[in-house]
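The lines below spell out each chain.
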Amino acid sequence: ISMLKRIAVIASVFFLLAGQALAMNITSSDMERFISTFEQLMPHIEDHEFDEDDDDDDDLNFLEISTLKGQFMEALADNREAERIIRNNGYGSVAAFAEQSAYITRAYIAHTGMISIDEFQAALQDMPAEEREALMAMPFFQTFHDTRARFAAVPEAQIRAILPYLDQLNALFEMEEDDLD
């Protein structure tokens, strides 16, 4: 009987995880709705300072869905106009928009970050051996590898979902950076 119970527990966990994985799918309509909503929100959140200079970011928590969602929730807190825009675009709540935004933003950061890391690694190969070894011995290099591993852990399906929208996302996030400067 205990073997059957164990199989039942494993099966339950598997179906729970599979259900969560399906819930995190990003569709093209999700992408279009996110981009449209975000563009409409920009004038209403441009004064918000996103915490980019946190000293406790050593643990790479900037890629955590809860951290990203929290930043969106903070930026949108007590903003009636932003809430109206979000609801008019078909989101059930600010939290629902913030969560979907977190998944899309994480996929975007992982994709663009991987490109930068790959370019850096290619540049490393062109360096003289002693310079490359000195660089690889630096503490920053371990963080670099940890960051690469975190980028690689973002589900491939989520990254594939954003690829057709890269130009729009680049424009959206560059626009946001310009507004924050």
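This one's a predicted model, so the numbers in the text were calculated from it and none came from an experiment. (Residues numbered from 1 in each chain as written. Predicted model: local features only at pLDDT ≥ 70, side-chain atom pairs only at ≥ 80, totals over all residues. Heavy atoms only, no water.)

Asker: How would you summarise the overall build of the chain if you had to cite specific residues and measurements?
Answerer: Along the backbone of the chain there are 9 helices and 0 strands. Traced from its N-terminal end to its C-terminal end, the chain shows the element sequence α-α-α-α-α-α-α-α-α. Going through the 181 residues of the chain one by one, you find that 33% of them count as buried. The contacts of the chain with a sequence gap of at least 6 include a subset with a gap of at least 24, amounting to 81%. (Helix = DSSP H or I, 4+ residues; strand = E, 2+ residues; numbered from the N terminus. Buried < 20%, exposed > 50% of the residue type's maximum accessible area, 1.4 Å probe, protein only. Contact = heavy atoms within 4.5 Å.)

Asker: Tell me what's going on with the packing of aromatic side chains, and back it up with residues and numbers.
Answerer: Summed over all chains, the structure comprises 7 aromatic pairs. With a centroid separation of 6.1 Å and 20° between ring planes, the pair formed by F34 and F97 is classed as stacked. Linking F34 in helix α2 (residues 28–45) with F97 in helix α5 (residues 94–125), this pair joins segments that are 63 residues apart in sequence. Accessibility expressed as a relative area gives 0% for F34, which makes it buried. The rings of F34, F38, F72, Y91, F97, Y108 and F173 are connected pair by pair, giving a single aromatic cluster. Residue placement shows R33 over the ring face of Y91; its charged tip is 3.9 Å from the ring centre. (Phe/Tyr/Trp six-rings, centres within 6.5 Å; stacked < 30°, edge-to-face > 60°. Lys NZ or Arg CZ within 6 Å of the ring centre and 35° of its normal.)

Asker: Lay out the nonpolar core with the relevant residues and their values.
Answerer: The tendency in soluble globular proteins is for nonpolar side chains to be buried side by side. Of all hydrophobic cores here, the largest spans 42 residues; its most connected members are M31, F34, F38, L76, F97, I162 and L169. The biggest single contributor to this core is α5, with 12 residues. Not counting the four nearest positions on each side in its chain, F34 is found in contact with Y91, F97, S101, I104, L169, L172 and F173. (Core = buried A, V, L, I, M, F, W, Y, C linked by side-chain atoms within 4.5 Å.)

Asker: Describe the packing of α5 against helix α7 (residues 139–153), and please don't skip the residues or the numbers.
Answerer: Interhelical geometry of α5 versus α7 gives an angle of 135° and a closest axis separation of 9 Å. In terms of axis orientation, α5 runs oblique to α7. In the packing of α5 onto α7, the handedness of the crossing is left-handed. Two secondary-structure elements touch here, α5 through I109, A110, G113, M114, I117, D118, F120, Q121 and L124 and α7 through F140, F141, F144, H145, T147, R148, F151 and A152. Here the residues of the contact of α5 with α7 are counted per class, giving 11 nonpolar, 4 polar and 2 charged. (Axes fitted to C-alpha atoms, helices over the stretch in contact; angles between N-to-C directions. Parallel < 35°, antiparallel > 145°, perpendicular 65-115°, else oblique. Left-handed = near helix turned anticlockwise from the far one by under 90°. Nonpolar A, V, L, I, M, F, W, Y, C, P; charged D, E, K, R; others polar.)

Asker: Would you mind going over the packing of α2 against α5 in detail, with residue names and values included?
Answerer: Each pair of packed helices can be described by the angle between their axes along with the distance between the axes. Where α2 contacts α5, the two axes come as close as 11 Å, and the packing angle between them is 110°. Relative to α5, the element α2 is oriented roughly perpendicular. Residues D30, M31, R33, F34, T37, F38 and L41 of α2 touch α5, and the partners they reach there are F97, Q100, S101 and I104. Looking at the contact of α2 with α5 residue by residue, the class counts come to 6 nonpolar, 3 polar and 2 charged.

Asker: Please set out helix α4 (residues 80–88) residue by residue, giving values where relevant.
Answerer: What α4 keeps buried is the set A82, I85 and I86. Viewed along the axis of α4, the buried residues span an arc of 100°, placing them on a single side of the element. Of the residues in α4, the exposed ones pointing more than 90 degrees away from the buried face are R80 and N88. Lining the buried residues of α4 we find α2, α3 (65–76) and α5. For α4, the N-terminal cap is N79; the gap from its side-chain oxygen to the backbone nitrogen of E81 is 3.3 Å. (Arc of directions from axis to C-beta. Polar contact = N/O pair within 3.5 Å; in protein donor to acceptor, adjacent residues only side chain to side chain.)

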